[in-house]
Amino acid sequence: MSKVAVITGVEGQDGSYLKELLDAKGYSVRGVDREDGDVTDREFVRALVKETKPDEFYNLASIATVARPWDKPLETIASTGLAPLYMLEAIKEFSPRTRFFQASSAEMYGAVTESPQGEHTPFRPQNLYGIGKLMAHNLLEAYRRDQKLFAVSGILFNHESPRRREEFVTRKITNTFAKIKKSEAEELVVGNVNAKRDWTHAKDTVRAMWMSLQAEKSDSYVIASGAVHTVREFIEAAAKVIGMTLTWEGEAEGEVARDEGGKVRARVSPEFYRPVETHVRQGDISKIQRELTWRPEISFENLVREMVESDVS
Ligand code: GDP
């Protein structure tokens, strides 16, 4: 009999990659997307668990307003914090053998006190999204400890792919350089090019999710590449894929990058600055490497290449 898995947020970047991975492994996947189920509806969640009694439950659904968490405070906490509680309660009641994966977020670290960040780094969330995610993370620990549920909290750092939405800087960069290549755009306009992020390929991320549910016991794991790059480096790498070498000049909001012919191809504009710039985020992946033998397989260069090439074609 094939294993049954539920994936919430199956229409998203991670959900779609995870579904492909599980399909290939012969799972029977019940995907829940925004259209066919509301994870903040407790009765829906109860019925879902009661009817499917899945071997594995991956909660990847989440509100899409990370950048503007004050737009919908109640909805934000309902989807990030309460929905996982409904899932844990339903699993406890109807299907205590279900292995639960919760997509936690590096956003929980907020104003970080140390870098890189590991499972024991203090969480100081600075927005409602991070607060809701931390509530769920803490709930998982409690259900694991006191209710003996198998519940993994995967602390996800930025993870990207050709399926990333364009609100994220990576896809914005690769799409613009693809357009420059096709003479459909002249230049990229971005915010803080010195911002640092730990970027993993979403395919590596979902493989970590699956591996974490195959382990002997459940736990919390940082899922990241373990390396940091600046937005500037990402731009340079994307330009390189289309055969362009950039040279930077000027400072702060006057900074531009020119191609070999002297044409401006990237420009900094305060329009895209963040009111509060999150601190450097870098994941300490020693625990997941040691305990699950997972490591990212797709390098930064290959991630950028795949994204640009996909946008070109
Ligand atoms: P986040 O880590 O979830 O905020 O992911 P983003 O991809 O949106 O942003 C990553 C970093 O890129 C942040 O530090 C932003 O300040 C920086 N950044 C610089 N320019 C831009 C831009 O034009 N758009 C976005 N979204 N981020 C930018």
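Predicted model only: the values in this text are computed from it and were never measured. All chains use their own residue numbering, which begins from 1 and follows the written sequence. Since the coordinates come from a predicted model, pLDDT governs what is reported: local features require at least 70, and pairs of side-chain atoms require 80 or more to be given and counted, while whole-chain, interface and lining totals use all residues. Calculated side-chain values reflect all of the structure's heavy atoms, with hydrogen atoms and water omitted.

**Some details on the environment of Gly12**
- You can see Gly12 is positioned in the loop between strand S1 (4-8) and helix H1 (13-24).
- On the basis of relative accessible area, Gly12 is assigned to the partly exposed category, the value being 26%.
- Separated by 109 residues in sequence, Gly12 and Thr121 have C-alpha atoms that sit 28 Å apart. Secondary structure counts use DSSP, requiring at least four H or I residues in a row for a helix and at least two E residues in a row for a strand, with both numbered from the N terminus. Burial classification: accessible surface area is computed with a 1.4 Å probe over protein chains only, and a residue below 20% of its type maximum counts as buried, one above 50% as exposed, and the rest as partly exposed.

**Description of helix H6 (residues 202-214)**
- Its 13 residues give H6 an end-to-end C-alpha distance of 19 Å, which sits within 8% of 18 Å, the value for a rise of 1.5 Å per residue.
- If you check which residues of H6 are buried, you get Ala202, Asp204, Thr205, Val206, Arg207, Ala208, Met209, Trp210, Met211, Ser212 and Leu213. One less than the number of residues in a helix, times 1.5 Å, gives the span that helix is expected to have.

**Thoughts on the sheet that holds strand S14 (residues 264-268)**
- At least two DSSP bridges between two strands are required for those strands to pair. Pairing is mixed across the open sheet formed by 4 strands, whose spatial order is S7-S14-S13-S12. A single partner strand is all that each edge strand has here, and the edge strands are strand S7 (188-190) and strand S12 (247-249). Between one strand axis and the next, the sheet turns through 20° on average, direction left out of account.
- Relative to strand S13 (residues 256-258), S12 runs antiparallel, the two being bridged by 3 bridges. Only the contacting stretch of a helix is used when fitting its axis, a line to C-alpha atoms as for every element, and angles between N-to-C directions run 0 to 180 degrees.

**Here's the deal with helix H3 (residues 73-94)**
- Counted at 1.5 Å a residue, the expected span for H3 with its 22 residues is 32 Å, and the 30 Å between its end C-alpha atoms agrees.
- In the structure, H3 departs most strongly from a straight axis at Ser79, where the bend amounts to approximately 40°. The angle between axes fitted to the seven-residue stretch ending at a residue and the seven-residue stretch beginning at it gives the bend at that residue.

**Some details on the pattern of salt bridges**
- When a carboxyl oxygen of Asp or Glu lies within 4 Å of a side-chain nitrogen of Lys or Arg, that pair is called a salt bridge. Tallied over the entire structure, the rule returns 24 salt bridges.
- Put simply, Lys19 and Asp23 hold a salt bridge, and the shortest N to O gap is 2.7 Å. Taken as a pair, Lys19 and Asp23 lie in helix H1 at a separation of 4 residues, close to a single helical turn.
- For Lys19, a relative accessible area of 29% gives the class partly exposed.
- Judged by relative accessible area, Asp23 falls into the partly exposed class, the value being 37%.

**Side note on the domain arrangement of the chain**
- Note: domain ranges come from an automatic or database domain assignment. If you check the domain split of the chain, you get domain 1 (4-156) and domain 2 (169-194 + 230-278).
- One C-alpha centre belongs to domain 1, the other to domain 2, and the line joining them spans 34 Å.

**Things to note about the sheet that holds S1**
- Strand order in this open sheet of 6 strands is S2-S1-S3-S4-S5-S10, and the pairing throughout is parallel. One side of each edge strand has no neighbouring strand; the edge strands of this open sheet are strand S2 (28-32) and strand S10 (220-223). Here the average twist between neighbouring strands, direction ignored, is 20°.
- Bridge count between strand S5 (residues 150-156) and S10: 4 bridges; the pairing is parallel. The residue of S10 that forms the bridge with Ser153 is Ser220.
- The strands touched by helix H2 (residues 42-52) are S1, S2 and strand S3 (56-59); relative to S2, the strand with the most contacts, the crossing angle is about 175°.
- Note on definitions: a residue-residue contact is assigned when non-hydrogen atoms from the two residues lie within 4.5 Å. Sheet contacts for H6: S3, strand S4 (99-105), S5 and S10; angle to S3, the most-contacted strand, approximately 140°.

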